[in-house]
Amino acid sequence: MSNIRQFTDRLDALSFDRMYGGDFFLTWEKSPQELEAVFTVADALRHLREHNISSRLFDSGLAVSLFRDNSTRTRFSFASACNLLGLEVQDLDEGKSQIAHGETVRETANMISFMADVIGIRDDMYIGKGNAYMREVAHSVRQGYADGVLEQIPTLVNLQCDIDHPTQTMADALHLIHEFGGIENLRGKKLAMTWAYSPSYGKPLSVPQGVIALMTRLGMDVTLAHPPGYEVMDEVLQVARSNAHEQGCSFTVMNSMQDAFRDADVVYPKSWAPFTAMEKRTELYGNGDFTGIDALERQLLAQNSLHRDWECTEDMMRLTKRGSALYLHCLPADISGVSCAAGEVAASVFDRYRTPLYKQASYKPYIIAAMIFLAKARNPQKALSCLESSGVKRWKKADCACYCQ
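Residues numbered from 1 in each chain as written. Predicted model: local features only at pLDDT ≥ 70, side-chain atom pairs only at ≥ 80, totals over all residues. Heavy atoms only, no water.

Asks: Hey, could you run me through a nonpolar patch on the surface in this one?
Replies: On the surface, a cluster of nonpolar side chains totalling about 420 Å² of accessible area is made up of Met111, Phe114, Met115 and Val149. Position of Met111 relative to the elements: it lies in helix 4 (residues 105-111). Note on Met111: relative accessible area 44%, which makes it partly exposed. (Patch = residues over 30% accessible without salt bridge, like charges linked within 9 Å, V, L, I, M, F, W, Y side chains within 5 Å. Areas by Shrake-Rupley, 256 points an atom, 1.4 Å probe, with all protein chains shown as cover. Salt bridge = Lys/Arg side-chain N within 4 Å of Asp/Glu carboxyl O. Helix = DSSP H or I, 4+ residues; strand = E, 2+ residues; numbered from the N terminus. Buried < 20%, exposed > 50% of the residue type's maximum accessible area, 1.4 Å probe, protein only.)

Asks: What is the right way to read the sheet that holds strand 5 (residues 190-194) from this model?
Replies: The strand order across the open sheet formed by five strands is 7-6-5-8-9, and the pairing between neighbours is parallel. Edge positions in the sheet fall to strand 7 (251-254) and strand 9 (326-327), since each has one partner strand and no second. One ladder, built from two bridges, connects strand 8 (residues 266-269) with strand 9; its direction is parallel. In the sheet register, Val266 faces strand 9, and the bridge partner there is Leu326. Contacts between helix 8 (residues 234-247) and the sheet are confined to strand 6 (221-225) and strand 7, with strand 7 contributing the most and set at about 140 degrees to the helix. (Pairing = 2+ DSSP bridges. Contact = heavy atoms within 4.5 Å. Axes fitted to C-alpha atoms, helices over the stretch in contact; angles between N-to-C directions.)

Asks: Explain the nonpolar core to me, please; I cannot follow it from the model alone.
Replies: Generally speaking, soluble globular proteins have nonpolar side chains that are buried together. Formed by 126 residues in total, the largest nonpolar core has its most connected members in Ile212, Met215 and Tyr327. For Met215, the residues in contact, after removing those within four places along its chain, are Thr169, Asp172, Ala173, Leu176, Leu191, Met220 and Val222. (Core = buried A, V, L, I, M, F, W, Y, C linked by side-chain atoms within 4.5 Å.)

Asks: Explain the pattern of salt bridges here, please?
Replies: Any two side chains of opposite charge can pair, on the condition that their charged atoms come close. In the structure shown here, the tally under the stated rule is 17 salt bridges. Between Asp9 and Arg5 there is a salt bridge, with the nearest N and O atoms lying 3.2 Å from each other. One end of the pair is Asp9 and the other is Arg5, both in helix 1 (residues 5-12) and four residues apart, which spans about a single turn. By relative accessible area, Asp9 is classed as partly exposed at 38%. For Glu50, the salt bridge goes to Arg46, with nearest N and O atoms at 3.6 Å. Note that Glu50 and Arg46 are positioned in helix 2 (residues 32-50) at a spacing of four residues, about one turn of the helix. Residues joined by salt bridges that share partners form a network here, namely Arg68, Glu94 and Asp123.

Asks: It is not clear to me how helix 2 should be interpreted in this structure. Could you clarify?
Replies: Along an α-helix, residues three or four apart share an orientation, since each turn contains 3.6 residues. Along its 19 residues, helix 2 runs 27 Å from first to last C-alpha, staying within 8% of the 27 Å computed at 1.5 Å per residue. Immediately downstream of helix 2, the backbone of Asn52 shows phi near 60 degrees, a positive value. (Expected span 1.5 Å × (residues − 1).)

Asks: When you look at unusual backbone geometry in this model, what are you seeing that I'm missing?
Replies: Glycine aside, residues mostly have negative phi, and peptide bonds are mostly found in the trans state. The step from Leu331 to Pro332 runs through a cis peptide bond, and the omega angle for that step is 0 degrees. The residue Pro332 is located in the loop between strand 9 and strand 10 (335-336) in this model. Residues other than glycine seldom take positive phi values, yet Gln160 does so here, at roughly 140 degrees. Within the secondary structure, Gln160 is located in strand 4 (residues 155-161). Judged by its relative accessible area of 4%, Gln160 is buried. The backbone of Asp263 sits at a positive phi, close to 65 degrees, despite the residue not being glycine. By the secondary structure assignment, Asp263 is in the loop between helix 9 (257-261) and strand 8.

Asks: I would appreciate a short explanation of the packing of aromatic side chains in the present structure.
Replies: Working definition: an aromatic ring pair is given by the centre-to-centre distance plus the angle between the planes. Counted under the stated rule, the structure contains five aromatic pairs. Between Tyr126 and Tyr285, the aromatic rings sit 5.4 Å apart at their centres with planes inclined by 70 degrees, giving edge-to-face as the arrangement. Of this pair, Tyr126 sits in the loop between strand 3 (116-123) and helix 5 (130-146) while Tyr285 is found in helix 10 (residues 275-286), placing the two residues 159 residues apart along the sequence. Classification of Tyr285 as partly exposed rests on a relative accessible area of 31%. Ring plane angle 55 degrees and centroid distance 5.8 Å describe the contact between Tyr327 and Tyr353, whose orientation is recorded as tilted. Residue Tyr327 is found in strand 9, and its partner Tyr353 is found in the loop between helix 13 (347-352) and helix 14 (354-362); the two are separated by 26 residues along the sequence. One exposure class covers both Tyr327 and Tyr353, and it is buried. A network of ring pairs unites the aromatic residues Tyr126, Tyr285 and Phe290 as a single cluster. Sitting over the ring of Tyr133, Arg68 keeps its end group 3.9 Å from the ring centre. Just above the ring of Phe67 sits the side chain of Arg75; from NZ or CZ to the centre is 4.4 Å. (Phe/Tyr/Trp six-rings, centres within 6.5 Å; stacked < 30°, edge-to-face > 60°. Lys NZ or Arg CZ within 6 Å of the ring centre and 35° of its normal.)

That's the geometry; what it means functionally is another story.
Here you go:
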């Protein structure tokens, strides 16, 4: 038997009215109660699906996805989330569109939005560009609606930008909420967000930045560790410090992976490129200086190779609390001896945490769906209750013998 009341009662105690009709750019732009509302609706939608109840908020509609970087988990999570709510997904291939011929952002945003309810964008490779582009798209469709061009305002969801990866870190947080038995139990837990060696360069900063910004917001004691020269954005460091002050937790930056792992409840070892290098990369691409880009890549690979000891090994894991901290990664991980000769994590560590890692990833479709749900349902409690009481089955095979033949 389904009982959606356990979720709607929790929503009744939260204030999140501002999310209706809004977009989702950065986690720190949302209040703690708005973040909790996303977690709660995500759990509610998962509950409905597990009980074979349709969660189609839409009978029809379009969601547009634009991925300016390679993606597997986020691409399929966005498609799954939109399908869960009754939307069809159309991917915008810029190479096959008029964007390649100089079409403006304003024109593109309006042309793809005539019957679109959601736009999801991943634009994470260039510092100062990705989040700004998303906001320009959001502004353009709102102007299109005000001008009477569009019948509705599409909700924009940040599927990863140069600053934050909110769908990933919110999924990470929901995984921790379930692992530790409630959002209140995250307070005081120690999380180590550490750099780790990779034989590749140019990995975005948005995951480590998103993690330190969100987990301090949830009251966790967060340590950011990296070798000298691998700093992240100053503005995000300030967000994490401000969150720690407001929440009464701690935020520490250090240059020792061992010290960060010591007594940690959660570890998140992942490679990223130095902020200054990503700034330089953006400048070189903007100038069309591909010789400079090749030189920067060689420089960064050489710099990475100096820190091969920054690997999540069995010895490192033994430093954590009771030697059994929860290991997180946004995937794909650089697994030593498997996907590369030497990388972020030892094969034995990764293999031991494989199932929890897949569970971690499984929360992302529900997080994305919840972001959309809260932006589109004026009264999400009523909407969830109506979905439950409608009795519409998601999968007919479960109730009709003829489907089993």
